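# Chain and residue survey
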Amino acid sequence: MKYYLIVGEASGDLHASHLMMSLKKHDSDAQFRFFGGDMMKAIGGTCVRHYRELAYMGFVPVLLHLPTILSNMQMCKNDIVSWQPDCLILVDYPGFNLKIAKFVKSQTNIPVYYYISPKIWAWKEYRIKNIKRDVDELFSILPFEVDFYEDKHHYPIHYVGNPTADEVREFKDSQNNKEIQDYTGNPIIALLAGSRQQEIKDNLPVMLEAVKPYEADYQIVLAGAPGIEPDYYAPYISDRKVQVVYNQTYALLSQAHAALVTSGTATLETCLFRVPQVVCYKLPLPVIADFVRRRLIKVKFISLVNLIADREVVTELLGRTFTVGHIRRELDKILSGPARDAMLEGYSEVSRRLGDQKAPDNAACLMIEKLKKKRI
C-alpha cells in the first residue's frame, strides 16, 4: 500500500521513521512519499520536502516566511492528490497538518490517520472540532490523552504505547551502543537546551551561568541538537569548560548524573534514563507569560514527566522562576539526598504508566488492519 507522511521537526522525523520500518515489516508492498527528514529518507521512499523548509517557530518568523509556508502547503495538497496514497499519516505538527487534513477530508476519499496526536489538552482545545471532522483515526502516545479525548470529548482514540520509551529501551538493550568518549573522574551534568535556534538562544546562556560554580567538580556536557551547526554554539561556550556532543544524546544521558532540560520530549527521555533533572524554559515577558499560563493554558504542568505522573515529579522553572539562582538551588537538591531519591521514585511511576507496548508496531498493525477492511 501507499503511505503519505508529513512531519515538521526532528522528533517527528525520528518517530515517523520507526513507524515506516514497522509498516514495511507488516506490509511488504509498502511505498512511502513524505514531507520529512533524513531518518525517513534512510528507510526509503520519496522525500518531497525536508522538514527544515517547514519548521518556523514564533509569530514573527511565521509571518516573515508566510509565502513559503503557503507555497509548501499548496504543493503538499497537490502532491497528495496526484499520488493518491492509500492513507495520509500526519505526525504531530498541528498548525500545518490540521489544514492538510481538512483539505484531504473535504476533497478526497483518502483516510486521514494522525500518529502522535496534537496536544490540544494544553493549548487550543477548540481544535477538537477539526480533529473530529477531519481525522479518521487518532493514535496517541501519551496514556492520559485517552481520558481527555474519550471521556471529555467522546472521540475514540488508540493508545499504542510510547515511542520514546521504545527507543530508550532499545538503546539500553543494544550491545553496540556508541558511547561518547570514556568519561572518567568527575560526574556529568548534561545540558539539553532545546532543538531550535530560538530555544537555544533563550535558554542556554542562563543554563551555562547556572552551572558555572559546578565546573570544578563536574563535567558540563551540552547535547548538540540535530540540524544546529557547531558554529551556532561556539559564541556561548568559547570561554567555558563545556563540551558539546552531537547525535549522542542517549549516550550522554546514559552516563549523566544530573541534567538541565528544556521542556519537550527531552524531559521524558531524561526521566527514562533515570537522570534527575531541572526543567528550565525561558518565556518572553515573564509577567505576561505567567498570566497567559494561568488563564489560557489548560494543564498544570509543561513537562511530559509531570503530565504523565499527574503530579510534580520534576521542578519546572519558567516565567519569573527561570533565573540563575533558582536553577542552582534546584540543581543542588538533586545532586544527592532525599530530593534525588524522591525524583527517581517518581520516574519509576512514569515508566509504569507508559507501559511496555511497542508503539510503532501497534500503530502500523492497526493502520494496515483498517486499510484492509476498507478495501473489502
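Residues numbered from 1 in each chain as written. Predicted model: local features only at pLDDT ≥ 70, side-chain atom pairs only at ≥ 80, totals over all residues. Heavy atoms only, no water.

## Topic: the pattern of salt bridges
Keep this limit in mind: In what follows, salt bridge is the name for a side-chain nitrogen of Lys or Arg lying within 4 Å of a carboxyl oxygen of Asp or Glu. Numbering of helices and strands runs from the N terminus; a helix is a DSSP stretch of H or I covering at least four residues, while a strand is a stretch of E covering at least two.
The tally for this structure, following the rule as stated, stands at 19 salt bridges. The residue Glu9 makes a salt bridge to Arg196 at a minimum N-O spacing of 2.3 Å. On the criterion of sequence distance, the pair formed by Glu9 in the loop between β1 (2-6) and α1 (10-26) and Arg196 in the loop between β8 (188-192) and α9 (197-211) is long-range, its members being 187 residues apart. For Asp166, the salt bridge identified is with Arg169, shortest N-O distance 2.6 Å. Residue Asp166 and its partner Arg169 are both found in helix α8 (residues 163-173); the two are separated by three residues, about one turn of the helix.

## Examining the sheet that holds strand β3 (residues 46-50)
Under the convention used in this document: Any two strands with at least two DSSP-identified bridges between them are counted as paired.
Taken in spatial order, the seven strands of this open sheet run β3-β2-β1-β4-β5-β6-β7, and their pairing is parallel. The sheet is open, and its two borders are formed by β3 and β7 (158-159), each paired with just one other strand. Sheet analysis places strand β5 (residues 112-115) next to strand β6 (residues 137-140), joined by three bridges and oriented parallel. Each residue of the ladder has a partner; that of Tyr115, found in β6, is Phe139.

## Observations regarding the sheet that holds strand β12 (residues 277-281)
Applied cut-off: For helices, the fitted axis covers only the stretch in contact; all axes are lines through C-alpha atoms, and the angles between them, taken along N-to-C directions, range from 0 to 180 degrees.
Sheet architecture is open: six strands sit in the order β10-β9-β8-β11-β12-β13, paired in parallel fashion. Only two strands of the sheet have a single partner each, and these edge strands are β10 (242-246) and β13 (315-318). If you compare each strand with its neighbour and ignore which way they point, the axes differ by 25 degrees on average. Bridge count for strand β11 (residues 258-261) against β12 is three bridges, and the pairing is parallel. Within β12, the residue paired with Ala259 across the bridge is Gln277.

## Regarding the pairing of strand β4 (residues 87-91)
In summary, the side chains of a regular strand alternate between the two faces of the sheet. Which entries qualify depends on this criterion: When accessible area is computed with a 1.4 Å probe and restricted to protein chains, residues below 20% of their type maximum are described as buried, those above 50% as exposed, and intermediate ones as partly exposed. Here, the term right-handed applies to a crossover whose path from the first strand over the helix to the second runs clockwise when the strands point away from the viewer.
Across the five residues of β4, five count as buried, placing the element largely inside the fold. Neither face of β4 is exposed, since Cys87, Ile89 and Val91 on one face and Leu88 and Leu90 on the opposite face are all buried. Where β1 and β4 come together, four bridges link them in parallel fashion. By the bridge assignment for β4, Tyr3 is matched with Cys87. Note that β4 and β5 share four bridges and pair parallel. From the neighbouring strand, Val91 faces β5, where its bridge partner is Tyr115. In this view, the connection linking β4 to its parallel neighbour β5 by way of helix α5 (residues 94-107) has right-handed handedness.

## Concerning helix α15 (residues 324-335)
Along an α-helix, a turn takes 3.6 residues, which lines up residues three or four apart on a common side. Heads up, the condition is: To estimate the expected span of a helix, subtract one from its residue number and multiply by 1.5 Å. The arc under discussion is defined with respect to the helix axis, by the directions toward the C-beta atoms. Contact definition: two residues touch when any of their heavy atoms are within 4.5 Å.
The first and last C-alpha atoms of α15 sit 17 Å apart over twelve residues, in line with the 16 Å expected at 1.5 Å per residue. Every buried residue of α15 is listed here: Ile327, Glu330, Leu331, Ile334 and Leu335. The arc that holds every buried residue of α15, seen down its axis, measures 140 degrees, which confines them to one face. Looking at the buried side of α15, the elements it contacts are β8, α9, β11, β12, β13 and α16 (338-354).

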